[in-house]
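Survey of secondary and tertiary structure
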Amino acid sequence: MGPTLRLEIRKTMQNAVLILGGFEDKDFPVDVSVCPSSLQIETPDGCETLSLPPEIKLVPSSCRYVQHVAGEGLHIRLQVHASRDTETSPSLKEILGIQRRYTFECQACGEPIIRDQQFLRVLPLPSENWSSLVEEWCCHPDPFANRSCLPKVNDCFLGETFFLVNRANLLDHPGETNEKSSVPHSADGNVSKSTENTKVFCKRCKVILGETLSSDALKYFITEVMVRPSCEKFKTMSRTRFVESTVVQLLMELSASKSTFRYCIQGQDGKLFLLLWLLNVDTLLVESRTRTGGVNCLFSEDTCFPSSSSLDVSNVVRVLYSSPTESNHNELVDKWMNQTGAHTLIFPSKTCLELLLLLSLNNAALPHSLRSMNNWQVAYLKI
Ligand SMILES: [Zn+2]
């Protein structure tokens, strides 16, 4: 096995932590030379060079805190010049307009839900704090108190983790069960008053796509439905990659618009799955392919293909996460929600588990010394 590299760059600060490993079984002495665009590792067996992507230049004179960590290799802190832009894929709010025709499909199996639909209104729903804001600012009772924001025919209303459409716009009526969700959903805005929700399943693959809010209005989760302009072809994307990109996009959007960095990830039935803390959104990760080719390879289609470069470069967000146990559940949630002002995000329970699995696999693939921070677990999600 050749040398392995992991370079974690904070773009705003232009500094990085370099972990150089893979020579533990080689004969010593090992001589490492840091050059602006490459690293040379010289052992009695020979010399190997790792070339960095052209947009990244190291500052060799800035190497500090060189430390050998058993089982991982050399840890070095240094300055870098990195100029790779963060490109985010467009959010649902950006994709959906009233000028074009759209097709909605089940993300898991591709079954069409809405075909070639042009909406007359695409509007954001009021946030969960809307009612309390109105009460604080108005000198009269909330005029919107008992009014629900439900879509009429050809409307599409956007919430944070879901969108609402009218049943008349569906290809045909989706399968439903009579299973009632007993917990009202705080993130639903005015819609939360509805307690007689029924789950909506995909006709073909039976995954939960959303729920019925009234005889006419249906709610679909953004993590379960693929929305594309009808003129564009269906893009296949692995389930894990879709969940990862949808959640990252949502976190980045919310952190930018509301300055919230702490989140409670809750299932549709009110069960708390995760506390998630968004730390950095400016991280550029350069890794040897051999490192990521293991566990991630099974779930992500884009790390497996060989390429001319042996290094993967990706913009990532760094998160801390914790999965509460039964014993500390209530206490933790209370503290997290009331003292830190965390924001609740609701997804189907299966999707919460998928997200938890994604984070756990990512965490397990990290060098041991990077896996936890103050009792929280660390993970990196691709932007
Ligand atoms: Zn399906």
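Residues numbered from 1 in each chain as written. Predicted model: local features only at pLDDT ≥ 70, side-chain atom pairs only at ≥ 80, totals over all residues.

Observations concerning the overall build of the chain
Rule in force here: In this text, helices come from DSSP runs of H or I with a minimum length of four residues, and strands from runs of E with a minimum of two, each type numbered from the N-terminal end. A residue is called partly exposed when the number of other C-beta atoms within 10 Å of its own lies between 12 and 20, exposed at 12 or fewer, and buried at 20 or more, with C-beta atoms placed from the backbone. By definition, residues are in contact whenever their C-beta atoms, placed on the basis of the backbone, come within 7 Å of each other.
The number of helices and strands found in the chain is 7 helices and 23 strands. For the chain, with 383 residues in total, the buried portion stands at 28%. Nonlocal contacts in the chain, meaning residues at least 24 apart in sequence, comprise 65% of its contacts between residues at least 6 apart.

Focus: the packing of helix H3 (residues 239–258) against helix H7 (residues 349–364)
Note the cut-off: Fitting a line to C-alpha atoms yields each axis, with helices limited to the stretch in contact; the angle taken between N-to-C directions then spans 0 to 180 degrees. The cut-offs work like this: below 35 degrees is roughly parallel, past 145 is roughly antiparallel, 65 to 115 is roughly perpendicular, and the gaps in between are oblique.
Remark: H3 packs on H7, axes separated minimally by 10 Å, with the N-to-C direction vectors making an angle of 95°. The orientation of H3 with respect to H7, classified from their angle, is roughly perpendicular. Along its contact with H3, which presents Arg239, Thr240, Val243, Glu244 and Val247, the element H7 presents Thr351, Glu354, Leu355 and Leu358.

Topic: the sheet that holds strand S9 (residues 112–118)
Here is the rule we go by: Pairs of strands are assigned from DSSP output, requiring at least two bridges between the strands.
Taking strand neighbours across the sheet as the criterion, the 3 strands line up as S9-S8-S17 in an open arrangement whose pairing is antiparallel. Looking along the sheet, the strands with just one partner apiece sit at the ends: S9 and strand S17 (225–229). Taken pair by pair, the neighbouring strands of this sheet meet at an average axis angle of 15°, ignoring direction. Two strands pair when backbone bridges link them, and strand S8 (residues 101–106) and S9 are joined in this way by 4 bridges, in the antiparallel orientation. For Arg101, the partnering residue across the bridge sits in S9 and is Gln118.

Looking at unusual backbone geometry
You will see that Asn154, though not glycine, has its phi angle at about 70°, which is positive. Tracing the chain through its elements places Asn154 in the loop between helix H2 (130–137) and strand S11 (155–158). Classification of Asn154 as partly exposed rests on a count of 16 C-beta atoms within 10 Å. Here the phi dihedral of Ser259 falls at roughly 55°; this positive angle occurs in a residue that is not glycine. The topology assignment puts Ser259 in the loop between H3 and strand S18 (262–267).

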